[in-house]
Amino acid sequence: MVPGFYAVSIHCCSVNGKSLCEPLLSVILSVCPMGSSSSRLFGTLAQPLNSAPLAKQHLFPEVNTDQDLDQDELTEVDPDQLLRECEEILQRRPARPHRDLVYLSHAAPAHLQHNPTIRVMQWNILAQALGEGKDGFIRCPLDALNWQERKYLILEEILTYRPDILCLQEVDHYYDTFQPIMSGLGYHGSFLAKPWSPCLDVEQNNGPDGCALFYRRSRFSLQATAHLRLSAMMLPTNQVAIVQTLTCRATGRQLCVAVTHLKARSGWERLRSAQGTDLLHSLRTITSQTAGGQNQVVSALPLVVCGDFNAEPSEDVYRRFRSSPLGLDSAYKLLSSDGQTEPPYTTWKIRPSGESCSTLDYIWYTQNALSVECLLDLPTEDQIGPDRLPSYHYPSDHLSLLCDISFRDEPHRLM
């Protein structure tokens, strides 16, 4: 049993007076009491819930505080057993590409006992409705996108690396898959749907897609959450972001984490730039710490921003993040020989319009407050294969990004 992994959250949401969590809880408690097989639990949790309507999401900025649950109200689930179940179900498929963790020689050494590293994963997992119904991956067999197996391939990737913070885009199976399973693994989750999700245009969809942010309860406590609907030139758009302020239990220090997914497609560069500007403005407000009773900003919280920006490094939105007053830098540049060059791709797909190999996904971090210790390398072209992504051996058209970060020593702590 891995320390800090616990199970099912039992605070609920309701729509029109109907509880959304009671069907889930009754299944969990009846099928998997304390100490029973977590393999059975995984199979149960991965089934669709009753056809209750999805909870209405807050699309405008709000700040709230969620209280951590008493551990007595949680049931333990073993992530190793869940990973083994994934591997058993996927044994007919080719193995996922092997990827190594690359430790940076110039990274400041982490004081592991008092300042343990924080593992962050960023991933656009490909909405199921879009993969099967709209995206047109002409070299990917439809059977490779079958949700009954693809969900295990996604979970296998997450369970292999076990991030402390997990940022996802294109999530359209939050309530029936990711929320219960991740809760069972000791994570707190938050989800924000797109107002006009393209998934809703697909027959037999599972509801709107959106962004999800998970953090491990054993590592962090939640201080505040902001749900943002991004604007462009004062007008609301279809893109969203989740921003959470967390307190690290090991160090007592705070960390702000954001997840977003900007507008896709060529021709929308100016809109992406405006959305990025709006997000940066909100992040600057959220992370600013003022002196007691005064409006003067005295410091800013360390910040991690994960997202599918749908923008190459040559775009204006990338330059805005790189030059913002928040002091952000892109973690994956550190894999390059000069430390200044993004990887050649984070997504590689073939559609009717042609082949697309692009760098669109990023993990941004406050470089003067956080240190990147290691990064997960990217699969080679040979590992990805001639049919590109998604495929039988990889569940999304985007590659997951992952890095270990740690807090840099604050000046007053060096005295």
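Here the structure is a predicted model, which means the values were calculated and not measured.

1. As for the overall build of the protein chain
Move 1: Of regular secondary structure, the protein chain possesses nine helices and 19 strands.
Move 2: In the protein chain, buried positions account for 58% of the 415 residues.
Move 3: Element-wise, carbon and sulfur atoms account for 51% of the exposed surface of the protein chain, whose accessible area totals about 18200 Å².

2. A short note on the pattern of salt bridges
Move 1: Inspection of the entire model under this criterion finds 22 salt bridges.
Move 2: When salt bridges that share partners are traced, they join R96, R99, E156 and E157 into one network.

3. Digging into the sheet that holds strand β13 (residues 303-308)
Move 1: Reading across the sheet, the six strands line up as β8-β9-β10-β13-β17-β14 and stay open at both edges, with mixed pairing between neighbours. Looking along the sheet, the strands with just one partner apiece sit at the ends: β8 (220-232) and β14 (328-330). Across the sheet, the mean angle separating the axes of adjacent strands is 20° when strand polarity is ignored.
Move 2: Relative to strand β9 (residues 235-248), β8 runs antiparallel, the two sharing eleven bridges. The partner of T225 across the bridge, within β9, is Q244.
Move 3: Lying on the sheet, helix α7 (residues 269-287) is in contact with β8, β9, β10 (254-261), β13 and β14; it crosses β8 at an angle near 145°.

4. Here we look at the nonpolar core
Move 1: Ranked by size, the top nonpolar core spans 71 residues in total, and within it I165, F214 and V372 carry the most contacts.
Move 2: Counting residues per element, this core draws most heavily on helix α5 (residues 147-161), at eight residues.
Move 3: Counting 22 residues, the second largest nonpolar core, distinct from the first, contains L230, F309, V317 and Y362.

5. Description of the packing of helix α3 (residues 79-89) against α5
Move 1: Between α3 and α5, the shortest axis-to-axis distance is 9 Å and the interhelical angle comes to 140°. One element, α3, and the other, α5, form an angle in the oblique class. Between α3 and α5 lies a crossing of left-handed hand. Residues P79, L82, L83, E85, C86, E87 and I89 of α3 form the contact with α5, whose own contacting residues are Y152, L155, E156, L159 and T160.
Move 2: Taken together, the residues that form the contact of α3 with α5 break down as eight nonpolar, one polar and three charged.

6. Section: the sheet that holds strand β7 (residues 210-216)
Move 1: Ordered in space as β3-β18-β19-β4-β5-β7-β6, the seven strands form an open sheet in which the pairing is mixed. Unpaired on one side and paired on the other, β3 (101-103) and β6 (187-193) mark the two borders of the sheet. Strand-to-strand twist across the sheet, computed as the mean angle between neighbouring axes with direction ignored, equals 20°.
Move 2: Bridge count between strand β18 (residues 370-376) and strand β19 (residues 401-407): five bridges; the pairing is antiparallel. Each residue of the ladder has a partner; that of L370, found in β19, is F407.
Move 3: Contacting β4 (118-124), β5 (165-171), β18 and β19, α5 crosses the sheet at an angle of about 165° to β4.
Move 4: Most of the contacts of helix α6 (residues 174-184) go to β6, to which it runs at about 160°, and overall it touches β5, β6 and β7.

7. Let's talk about the confidence of the model for the protein chain
Move 1: Across the protein chain, the average pLDDT comes to 84, with 76% of residues at or above 70.
Move 2: In this model residues 46-72 is a low-confidence stretch, pLDDT under 50, and it forms 64 contacts with partners more than four residues away in sequence or in other chains.

8. So, the pairing of β19
Move 1: Burial within β19 is extensive, with seven of its seven residues counted as buried.
Move 2: The pairing of β4 with β19 spans five bridges and is antiparallel. Paired with M121 across the strands is L402, a residue of β19.

9. Some details on α3
Move 1: Within α3, burial applies to P79, L82, L83, E85 and C86. Burial along α3 is one-sided: seen end-on, the buried residues are contained in an arc of 160°.
Move 2: Near the N-terminus of α3, the side chain that reaches the backbone nitrogen of D80, with its oxygen 2.9 Å away, is that of D78.

10. Quick notes on the pairing of β8
Move 1: β8 sits mainly inside the fold: eleven of its 13 residues count as buried.
Move 2: Count of turn residues in the β8/β9 antiparallel hairpin: two residues, of which M233 carries a positive phi of about 55°.

11. So, the side chain of D329
Move 1: Mapping D329 onto the fold places it in strand β14.
Move 2: A polar contact of 3.5 Å, which involves the side chain of D329, links it to the side chain of R322.
Move 3: When neighbours within four sequence positions are excluded, D329 is seen to be in contact with R322, I363, W364, Y365 and Q367.

12. Looking at the packing of aromatic side chains
Move 1: Counted under the stated rule, the structure contains 14 aromatic pairs.
Move 2: Taken together, a centroid distance of 6.3 Å and an interplanar angle of 65° make the contact between W147 and F178 edge-to-face. Of this pair, W147 sits in helix α5 while F178 sits in helix α6; the two residues are 31 residues apart in sequence, bridging distant segments of the chain.
Move 3: Here F309 and F321 contribute two aromatic rings whose centre-to-centre distance is 4.9 Å and whose plane-to-plane angle is 90°, an arrangement assigned as edge-to-face. With F309 in the loop between β13 and α8 (316-322) and F321 in helix α8, the pair connects residues that are twelve residues apart, well separated along the chain.
Move 4: Take F321: its relative accessible area is 0%, and that puts it in the buried class.
Move 5: Feature note: the residues F309, Y318, F321, Y362 and W364 constitute an aromatic cluster, connected by ring pairs.

What counts as what
Residues numbered from 1 in each chain as written. Predicted model: local features only at pLDDT ≥ 70, side-chain atom pairs only at ≥ 80, totals over all residues. Heavy atoms only, no water. Helix = DSSP H or I, 4+ residues; strand = E, 2+ residues; numbered from the N terminus. Buried < 20%, exposed > 50% of the residue type's maximum accessible area, 1.4 Å probe, protein only. Areas by Shrake-Rupley, 256 points an atom, 1.4 Å probe, with all protein chains shown as cover. Salt bridge = Lys/Arg side-chain N within 4 Å of Asp/Glu carboxyl O. Pairing = 2+ DSSP bridges. Axes fitted to C-alpha atoms, helices over the stretch in contact; angles between N-to-C directions. Contact = heavy atoms within 4.5 Å. Core = buried A, V, L, I, M, F, W, Y, C linked by side-chain atoms within 4.5 Å. Parallel < 35°, antiparallel > 145°, perpendicular 65-115°, else oblique. Left-handed = near helix turned anticlockwise from the far one by under 90°. Nonpolar A, V, L, I, M, F, W, Y, C, P; charged D, E, K, R; others polar. pLDDT = per-residue confidence, 0-100. Arc of directions from axis to C-beta. Polar contact = N/O pair within 3.5 Å; in protein donor to acceptor, adjacent residues only side chain to side chain. Phe/Tyr/Trp six-rings, centres within 6.5 Å; stacked < 30°, edge-to-face > 60°.

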